[in-house]
Amino acid sequence: METQQQTWQNMNGKIFQHSIIQLVEEAIIREQANGHRLKVCVGSDSHVYGDAINYATAVVFIREGKGAFTFIRKEREIQNISIKERMLNEVNKSVEIAYAICSVLDAYGVEMEVHADINTDPDFKSNVALKDAMGYILGMGYVFKAKPYAFASSNCADMMV
């Protein structure tokens, strides 16, 4: 899968040369050896800049009671699309990563959630994609979270996009 070979970094900008699968497995082994109980949350966000859309996908490791750390992937695409299509592109990027890492998480007993940067309030434009996003994520068998509980997308990815 091409995504696995793309560049990942941490929140400080340190670049990693390994695939997300290898980064996730190494992080789990290290953190569990230190006695940490983990949960992973995957989410994406995007911002439009003229005819370009910048995307960021975050893989957030939560250490129960001991903070968190994140791996980030950034992408830029030239396209002119609707808000619904952009929201579903974000969800697709998150699901793609969730699918890539789910077997590693399962092997080590780590729970995962997929976060969508979509507002549950119908007064917000992103809400137009809520039902489709929820169906896609739940249909893939993942735990679904939307705003205001979707911090992996609305906070972590948002900071880096």
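Residues numbered from 1 in each chain as written. Predicted model: local features only at pLDDT ≥ 70, side-chain atom pairs only at ≥ 80, totals over all residues. Heavy atoms only, no water.

You'll find the chain entered in an unreviewed UniProt entry as DUF458 domain-containing protein, with Chryseobacterium gallinarum given as the organism.

K.L.:
So what about the environment of H115? Which residues, and what values?
P.N.:
For H115, the position within the fold is in strand β6 (residues 111-119). A sequence separation of 70 residues divides H115 from D45, and the C-alpha atoms of the two residues are 9.8 Å apart. In this structure, H115 is in contact with C41, V42, G43, S44, S94, K145, Y149, A150, F151, A152 and S153, ignoring residues within four places of it in sequence. A polar contact of 3.3 Å, which involves the side chain of H115, links it to the backbone nitrogen of F151. (Helix = DSSP H or I, 4+ residues; strand = E, 2+ residues; numbered from the N terminus. Contact = heavy atoms within 4.5 Å. Polar contact = N/O pair within 3.5 Å; in protein donor to acceptor, adjacent residues only side chain to side chain.)

K.L.:
So what's going on with the packing of aromatic side chains? Residues and values would help.
P.N.:
The relative placement of two aromatic rings is captured by the distance of their centres and the angle of their planes. Summed over the entire model, instances satisfying the criterion amount to four aromatic pairs. Taken together, the aromatic side chains of F16, F61, F69 and F71 make up a single cluster linked through ring pairs. Looking at R30, its charged tip hangs above the ring of F69, at a distance of 5.5 Å from the centre. Cation over ring: K93 sits above Y55, and NZ or CZ is 4.6 Å from the ring centre. (Phe/Tyr/Trp six-rings, centres within 6.5 Å; stacked < 30°, edge-to-face > 60°. Lys NZ or Arg CZ within 6 Å of the ring centre and 35° of its normal.)

K.L.:
Outline the nonpolar core, supporting the account with residue identities and numerical values.
P.N.:
Counting 35 residues, the largest nonpolar core has I20, V24, V59, F61, F71 and I101 as the members making the most contacts within it. Those elements that provide at least two residues to this core are α1 (20-33), β3 (38-49), β4 (52-63), β5 (68-78), α2 (83-107), β6, α3 (130-139) and β7 (143-147). Sorting elements by how many residues they give to this core places α2 first, with nine residues. Listed in part, the ten residues of the second largest apolar core include A56, A152, A157 and M160. (Core = buried A, V, L, I, M, F, W, Y, C linked by side-chain atoms within 4.5 Å. Buried < 20%, exposed > 50% of the residue type's maximum accessible area, 1.4 Å probe, protein only.)

K.L.:
So what's going on with α3? Residues and values would help.
P.N.:
Looking only at α3, the buried set comprises L130, A133 and I137. Buried residues of α3 fall within an arc of 70° about the axis and therefore sit on the same side. Relative to its buried face, α3 has exposed residues pointing more than 90 degrees away, namely K131 and G139. Looking at the buried positions of α3, the neighbouring elements they touch are α2, β6 and β7. At the exit of α3 stands G141, carrying a positive phi of roughly 90°. (Arc of directions from axis to C-beta.)

K.L.:
Now, about the packing of α1 against α2: what can you tell me, with residues and values included?
P.N.:
Running from amino to carboxyl end, α1 crosses α2 at an angle of 35°, the nearest separation of the two axes being 9 Å. The way α1 lies across α2 gives a crossing that is right-handed. Contacts from I20, I21, V24, E25 and I28 of α1 reach α2 at I97, A100, I101, V104 and L105. Partitioning the contact of α1 with α2 into residue classes produces nine nonpolar, no polar and one charged. (Axes fitted to C-alpha atoms, helices over the stretch in contact; angles between N-to-C directions. Left-handed = near helix turned anticlockwise from the far one by under 90°. Nonpolar A, V, L, I, M, F, W, Y, C, P; charged D, E, K, R; others polar.)

K.L.:
Lay out helix α4 (residues 151-160) in plain terms, naming residues and giving numbers.
P.N.:
Where α4 is concerned, the buried positions are A152, S153, S154, C156, A157 and M160. Buried residues along α4 sit in contact with β1 (8-9), β3, β4, β5, β6 and β7.

K.L.:
So, the environment of E64: which residues are in play, and what are the values?
P.N.:
Relative to the helices and strands, E64 resides in the loop between β4 and β5. The spatial distance from the C-alpha of E64 to the C-alpha of M134 is 26 Å, given a sequence separation of 70 residues.

K.L.:
Outline the pattern of salt bridges, supporting the account with residue identities and numerical values.
P.N.:
By the definition in use, this model includes ten salt bridges. Here E111 makes a salt bridge to R37, at a shortest N to O gap of 3.3 Å. Linking E111 in strand β6 with R37 in the loop between α1 and β3, this pair joins segments that are 74 residues apart in sequence. Measuring nitrogen to oxygen at the nearest pair gives 3.5 Å for the salt bridge that ties E75 to K93. Residue E75 is located in strand β5, and its partner K93 is located in helix α2; the two are separated by 18 residues in the primary sequence. One network of salt bridges, in which partners are shared, links R73, E75, E77 and K93. (Salt bridge = Lys/Arg side-chain N within 4 Å of Asp/Glu carboxyl O.)

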